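The primary structure of each chain is shown beneath.
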Amino acid sequence: MKFFIDTANLEQIKEAQELGILDGVTTNPSLMAKEGITGAENILKHYLNICNLVDGDVSAEVIATDYEGMIKQGEELAALHPKIVVKIPMIADGVKACKYFSDKEIRTNVTLVFSAGQALLAAKAGATYMSPFIGRLDDISTDGLGLIADIRHIYDNYGFETQILAASVRHTMHIMDCAKIGADVMTGPLSAIKGLLKHPLTDSGLAQFLADYAKGN
């Protein structure tokens, strides 16, 4: 499973990159605004900064919600850097734009997916990645992980190459559950990724090793 980090914070991206396990970055206008980055020019510049920091794909989101606007913005984003993946919303014009980009061999990430039917449309349109938001489904008492399982089943039935990018991952158990189900990618906060490092037996075992070593010196 690929590990993406969902942030616009360069320090967090750098820390994840230095762990040696980072495969990419997802971000959006809300995460940009959280870091105080606003305005089209500043956002484009920040995407470049992220691309120069990581080895993998960087999902950059269009703001337009109409077909022509998505095409214009998506082509501009794709021209920024080879690592850019154009992130487009799961709406009718978004599906049309996804097909356009697919035909042009421009990689895409169809976002804000909340049903298996939407996931099927994204795959049919040739999306590179498709992002179901499991945390937001959990928030409304809907089984986000169950959706991942349904999509995995459908994609495997027909050999779709679209990668399931589990988004809105909130915590470490989300990561583990997505791995068990067979999500191709997960994107979440640095805290969830670092949570995989933690186990009390690792801590106590290391403390014992060091204590035993100290006795002999």
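Everything discussed here concerns the structure shown above.
Let me begin by describing the structure that accompanies this report. Keep in mind it's a predicted model, so treat the numbers as computed, not measured.

Quick look at the pairing of strand E6 (residues 129–132) now. Residues in a regular strand point their side chains to alternate faces of the sheet. Going residue by residue along E6, you find Tyr129 and Ser131 tucked away on one face and Met130 and Pro132 tucked away on the opposite face as well. Both strand E5 (residues 108–113) and E6 contribute to a ladder of three bridges, which runs parallel. The residue bridging asparagine 109 from the neighbouring strand is tyrosine 129, located in E6. Running through helix H6 (residues 116–124), the crossover from E5 to the neighbouring parallel element E6 is right-handed.

Our next topic: helix H8 (residues 144–158). Look at H8: 22 Å from first C-alpha to last across 15 residues, which is about the 21 Å you get at 1.5 Å a residue. Buried within H8 are the following residues: Gly144, Leu145, Gly146, Leu147, Ile148, Ile151, Arg152 and Tyr155. Taken together, the buried residues of H8 touch E5, H6, E6, helix H7 (134–139), strand E7 (163–166) and helix H9 (172–181). The opening residue of H8, the one whose side-chain oxygen lies 3.3 Å from the backbone nitrogen of leucine 145, is aspartate 143. Downstream of H8 by one or two residues, glycine 159 has phi in the positive range, about 70 degrees.

Before going further, it helps to examine the pattern of salt bridges. For the coordinates displayed, the defined rule picks out nine salt bridges. Arginine 152 is the salt-bridge partner of aspartate 156, the closest N and O atoms lying 3.2 Å from each other. Of the two residues, aspartate 156 and arginine 152 are both situated in helix H8; the distance of four residues between them amounts to about one turn of the helix. With a relative accessible area of 14%, arginine 152 lands in the buried category. Connected through shared salt-bridge partners, Arg152, Asp156 and Asp184 make up one network.

Spatial ordering of the closed barrel is given by E1-E2-E3-E4-E5-E6-E7-E8, a layout of eight strands whose pairing is parallel. Across the sheet, the axes of successive neighbouring strands diverge by a mean angle of 30 degrees, strand direction being ignored. Relative to strand E8 (residues 185–188), E7 runs parallel, the two sharing two bridges. Residue pairing in the sheet places alanine 166 in a bridge with methionine 186 of E8. Across the sheet, helix H5 (residues 92–103) touches strand E4 (84–89) and E5, and the angle it forms with E4 is around 155 degrees.

Ile5, Val25, Tyr47, Val58, Ile88, Val110 and Met130 are the most contacted members of the largest nonpolar core, which has 55 residues in total. Broken down by element, this core gets its largest block of residues, five residues, from H8. Those residues in contact with valine 110 that lie beyond four places of it in its chain are Ile88, Pro89, Met90, Cys98, Ala122, Ala127, Tyr129, Met130 and Ser131.

A word on a nonpolar patch on the surface. A cluster of nonpolar side chains, namely Leu19, Ile21 and Leu197, defines an oily patch on the protein surface of about 270 Å² accessible area. Along the chain, leucine 19 turns up in helix H1 (residues 10–19).

Another point: the packing of aromatic side chains. A full pass over the atoms with the stated rule returns five aromatic pairs. Summarising the aromatic geometry, the rings of tyrosine 100 and phenylalanine 101 are spaced 5.5 Å apart at their centres and angled 75 degrees between planes, so their arrangement reads as edge-to-face. Residue classification places phenylalanine 101 among the buried residues on the basis of a relative accessible area of 0%. Taken together, a centroid distance of 5.6 Å and an interplanar angle of 70 degrees make the contact between tyrosine 155 and phenylalanine 160 edge-to-face. Ring pairs connect the aromatic residues Tyr155, Tyr158 and Phe160, which therefore count as one cluster. When the ring centre of tyrosine 67 is taken as origin, the NZ or CZ atom of lysine 96, which lies over that ring, is 4.9 Å away.

The rules behind these values
Residues numbered from 1 in each chain as written. Predicted model: local features only at pLDDT ≥ 70, side-chain atom pairs only at ≥ 80, totals over all residues. Heavy atoms only, no water. Buried < 20%, exposed > 50% of the residue type's maximum accessible area, 1.4 Å probe, protein only. Helix = DSSP H or I, 4+ residues; strand = E, 2+ residues; numbered from the N terminus. Pairing = 2+ DSSP bridges. Right-handed = clockwise from strand over helix to strand, strands pointing away. Expected span 1.5 Å × (residues − 1). Contact = heavy atoms within 4.5 Å. Polar contact = N/O pair within 3.5 Å; in protein donor to acceptor, adjacent residues only side chain to side chain. Salt bridge = Lys/Arg side-chain N within 4 Å of Asp/Glu carboxyl O. Axes fitted to C-alpha atoms, helices over the stretch in contact; angles between N-to-C directions. Core = buried A, V, L, I, M, F, W, Y, C linked by side-chain atoms within 4.5 Å. Patch = residues over 30% accessible without salt bridge, like charges linked within 9 Å, V, L, I, M, F, W, Y side chains within 5 Å. Areas by Shrake-Rupley, 256 points an atom, 1.4 Å probe, with all protein chains shown as cover. Phe/Tyr/Trp six-rings, centres within 6.5 Å; stacked < 30°, edge-to-face > 60°. Lys NZ or Arg CZ within 6 Å of the ring centre and 35° of its normal.

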